[in-house]
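Commentary on secondary and tertiary structure
One-letter residues, chain by chain:
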Amino acid sequence: MRSCFAILCCILIAISCKENPKPAIKTAPISFTKEGNLSVKKASTDSVLIKLDIEIAETDYETQTGLMYRKGMETNQGMLFIFSDEAMHSFYMKNTEFPLDIIYINEDKTIASFQKNAKPYNEEGLSSKVPVKYVLEVNAGLSEKWQLSVGDKIEFDKI
């Protein structure tokens, strides 16, 4: 009888000492907020190739966070980064859950270089290769689908 009581006590002690698992932290999904309109024009013809709704990143926090922790964007959406000065910029895909085309744009709003199909969660620096003032991020494959080229121009307005 004593041995049964001792076993029962050991079981109760073991159960009471077991840590409860921590509940998973649930965060609300980050949704797209339209803050402006952007169009890309073909350099050779001045014809509009595409019009986008854009979210604008211009504060330090916004430019550091970008599209992190989001599930994706619609085809007609993009994020435009606006920097105070034209300079070399490097982007990475840390905590970015979907592939992007990164379009580097110089101060006169001309496309200067591309980083196509940037891979999700990649922490490697993706350089602009030349000084730029703006960066446009869109879903991977769209810059090719839209036939964007170095030299094409952007126009945008904030709403």
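Each remark here, short or long, concerns the structure printed above.
Here the structure is a predicted model, which is why all the values come from computation and not from measurement.

1. Here we look at the overall build of the protein
When helices and strands are tallied, the protein shows 3 helices and 9 strands. Scanning the protein from its N terminus toward the C terminus, one meets helices and strands in the order α-β-β-α-β-β-β-β-β-β-α-β. Classification of the 159 residues of the protein by burial places 37% in the buried group. Restricting to contacts in the protein with at least 6 residues of sequence separation, those with at least 24 account for 69%. Carbon and sulfur atoms form 55% of the exposed surface of the protein, whose accessible area is close to 10000 Å².

2. Remarks on unusual backbone geometry
Positive phi, normally seen in glycine, also occurs at asparagine 117, with a value near 55 degrees. Secondary-structure assignment places asparagine 117 in strand S6 (residues 111-118). In this structure, lysine 129 takes a positive phi of about 70 degrees despite not being glycine. With respect to the secondary-structure elements, lysine 129 resides in the loop between strand S7 (126-127) and strand S8 (132-139).

3. Section: the nonpolar core
If you look at the biggest cluster of nonpolar residues, it comprises 20 residues, and the most contacted ones within it are Leu38, Leu52, Ile54, Leu80, Ile103, Leu136 and Phe156. Only strand S1 (36-41), strand S2 (48-57), strand S3 (77-87), strand S5 (100-105), S6, S8 and strand S9 (153-158) provide two or more residues apiece to this core. The biggest single contributor to this core is S2, with 4 residues. In this structure, Ala57, Phe83, Phe91 and Ala112 belong to the second largest nonpolar core, which totals 17 residues.

4. Some remarks on the packing of aromatic side chains
Describing an aromatic ring pair means giving the distance of the ring centres and the angle of the ring planes. This model, assessed by the stated rule, comprises 4 aromatic pairs. A centroid spacing of 4.9 Å and a plane angle of 85 degrees characterise the contact between phenylalanine 81 and phenylalanine 91, whose relative ring orientation is edge-to-face. With phenylalanine 81 in strand S3 and phenylalanine 91 in strand S4 (residues 90-91), this residue pair connects regions lying 10 residues apart in the sequence. Grouping residues by exposure puts phenylalanine 81 and phenylalanine 91 together as buried. With a centroid separation of 5.5 Å and 70 degrees between ring planes, the pair formed by tyrosine 134 and phenylalanine 156 is classed as edge-to-face. Pair noted here: tyrosine 134 is in strand S8 and phenylalanine 156 is in strand S9, with a separation of 22 residues, a long-range link. This pair shows no difference in class: tyrosine 134 is buried, exactly as phenylalanine 156 is. Each member of the aromatic cluster is reached from another via a ring pair, and the members are Phe81, Phe83, Phe91 and Tyr104. The ring of phenylalanine 114 has lysine 116 sitting right over it, with the charged end atom 5.3 Å from the ring centre.

5. A few points about the pairing of S2
Where S1 lies against S2, 6 bridges are found, and the strand directions are antiparallel. Of the residues in S2, the one forming a bridge with leucine 38 is leucine 52. Counted along the chain from S1 to the antiparallel partner S2, the turn is 6 residues long, and its residue aspartate 46 has a positive phi close to 65 degrees. Inspection of the sheet shows S2 paired to S3 by 5 bridges, in the parallel sense. Each residue of the ladder has a partner; that of isoleucine 56, found in S3, is leucine 80.

6. Here we look at the side chain of asparagine 139
Within the secondary structure, asparagine 139 sits in strand S8. Here the side chain of asparagine 139 touches methionine 73 through a polar contact of 2.9 Å, landing on its backbone oxygen. Residue contacts for asparagine 139: discarding those within four places in its chain leaves Met73, Glu74, Thr75, Phe98, Pro99, Leu100 and Asp101.

Basis of the calculations
Residues numbered from 1 in each chain as written. Predicted model: local features only at pLDDT ≥ 70, side-chain atom pairs only at ≥ 80, totals over all residues. Heavy atoms only, no water. Helix = DSSP H or I, 4+ residues; strand = E, 2+ residues; numbered from the N terminus. Buried < 20%, exposed > 50% of the residue type's maximum accessible area, 1.4 Å probe, protein only. Contact = heavy atoms within 4.5 Å. Areas by Shrake-Rupley, 256 points an atom, 1.4 Å probe, with all protein chains shown as cover. Core = buried A, V, L, I, M, F, W, Y, C linked by side-chain atoms within 4.5 Å. Phe/Tyr/Trp six-rings, centres within 6.5 Å; stacked < 30°, edge-to-face > 60°. Lys NZ or Arg CZ within 6 Å of the ring centre and 35° of its normal. Pairing = 2+ DSSP bridges. Polar contact = N/O pair within 3.5 Å; in protein donor to acceptor, adjacent residues only side chain to side chain.

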